Amino acid sequence: MQKTTMLKKEQAKSARKWFEIDATGVVLGKLSVEVANILRGKNKPNFTPNVDCGDYVIVRNASKVVLTGNKAQKEKWYTHSQYIGGLRTRTGKQMIEEYSVELITTAVKGMLPKNRLAKQILSKLTVYPDMGIAHEAQKPIKLDLKGKK
């Protein structure tokens, strides 16, 4: 009979990797699901839900992500400054063109658990609207999401 392994916090930190994802032509939902699973560590055989055992993720070309259907024209993203008249409304097209980093970060944040670990897990995500800064020192593993259906 095999024992189930539960990671400790120290063991999880030592086994972290860096992944790089190119968001060109990838649907926002599929991208954010993959990124959230990697950040959380659900792609590892020793996943532990109460420990941050995930890896780091770099998302490049965020401004080239795709929204399916009519979301670019019809769907609205809302933010409020908590002041009177502080409601800000943006369309999908505006979000992709001007706020692509915020769009991807918010989509990934929504797919993470709503607990104390969420902020810590989200801090391992780096999003660049274009090719961005090189992370060559971390030796990131390139993931191709275009081939996945």
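Computed from a prediction, not measured in an experiment: that's the story for all the values here.

Peer 1: Help me out: how do you make sense of the side chain of lysine 44 in this one?
Peer 2: Structurally, lysine 44 is set in the loop between helix 2 (28-40) and strand 2 (56-60). Ignoring anything within four residues of it in the chain, the contact list for lysine 44 reads Ala15, Cys53, Gly54 and Asp55.

Peer 1: Before we go on, may I ask you to explain the packing of aromatic side chains in this structure?
Peer 2: Aromatic rings considered in pairs are described by the distance between their centres and by the relative angle of their planes. All chains considered together, the criterion is met by 1 aromatic pair. An angle of 10 degrees between the planes, with centres 4.4 Å apart, marks the rings of tryptophan 18 and tyrosine 56 as stacked. Taken as a pair, tryptophan 18 in strand 1 (residues 18-22) and tyrosine 56 in strand 2 lie far apart in primary sequence, 38 residues in all. Using a relative accessible area of 26% as the deciding quantity, one classes tyrosine 56 as partly exposed. Stacked on the ring of tyrosine 99, the Lys or Arg arginine 90 has its end atom at 3.6 Å from the ring centre.

Peer 1: Can you walk me through the environment of aspartate 52 in this structure?
Peer 2: Looking at where aspartate 52 falls in the secondary structure, it is placed in the loop between helix 2 and strand 2. Sequence-wise, aspartate 52 and serine 63 are 11 residues apart; in three dimensions their C-alpha atoms are separated by 28 Å. Sequence-distant contacts of aspartate 52, that is, excluding residues within four places in its chain, are made with Ala12, Arg16, Leu39, Leu117, Gln120, Ile121 and Lys124. At 2.6 Å, the side chain of aspartate 52 forms a polar contact with the side chain of lysine 124.

Peer 1: Looking at this structure, I do not really get helix 4 (residues 100-110). What am I missing?
Peer 2: One turn of an α-helix holds 3.6 residues; hence residues three or four places apart share an orientation. Among all positions of helix 4, only Ser100, Leu103, Ile104 and Val108 are buried. All buried residues of helix 4 fall inside an arc of 120 degrees around its axis, so they share one side. In this fold, the buried residues of helix 4 make contact with helix 2, strand 2, strand 3 (76-80), helix 3 (92-98), helix 5 (117-122) and strand 5 (125-127).

Peer 1: How should I be thinking about the pairing of strand 4 (residues 87-91) in this particular structure?
Peer 2: On a regular strand, one side chain projects to one face of the sheet and the next to the other, so that they alternate. Pairing geometry for strand 3 and strand 4, over 5 bridges, is antiparallel. The partner of tryptophan 77 across the bridge, within strand 4, is arginine 90. Hairpin connection between strand 3 and strand 4: a loop of 6 residues separates the two successive antiparallel strands, and glutamine 82 in this loop has a positive phi of roughly 70 degrees.

Peer 1: Honestly, unusual backbone geometry in this entry has me stumped. Any pointers?
Peer 2: Glycine aside, negative phi is the norm for most residues, and most peptide bonds take the trans geometry. In this model, glutamine 82 sits at a positive phi of 70 degrees, which is unusual for a non-glycine residue. Residue classification places glutamine 82 among the exposed residues on the basis of a relative accessible area of 69%.

Conventions used here
- Residues numbered from 1 in each chain as written.
- Predicted model: local features only at pLDDT ≥ 70, side-chain atom pairs only at ≥ 80, totals over all residues.
- Heavy atoms only, no water.
- Helix = DSSP H or I, 4+ residues; strand = E, 2+ residues; numbered from the N terminus.
- Contact = heavy atoms within 4.5 Å.
- Phe/Tyr/Trp six-rings, centres within 6.5 Å; stacked < 30°, edge-to-face > 60°.
- Buried < 20%, exposed > 50% of the residue type's maximum accessible area, 1.4 Å probe, protein only.
- Lys NZ or Arg CZ within 6 Å of the ring centre and 35° of its normal.
- Polar contact = N/O pair within 3.5 Å; in protein donor to acceptor, adjacent residues only side chain to side chain.
- Arc of directions from axis to C-beta.
- Pairing = 2+ DSSP bridges.

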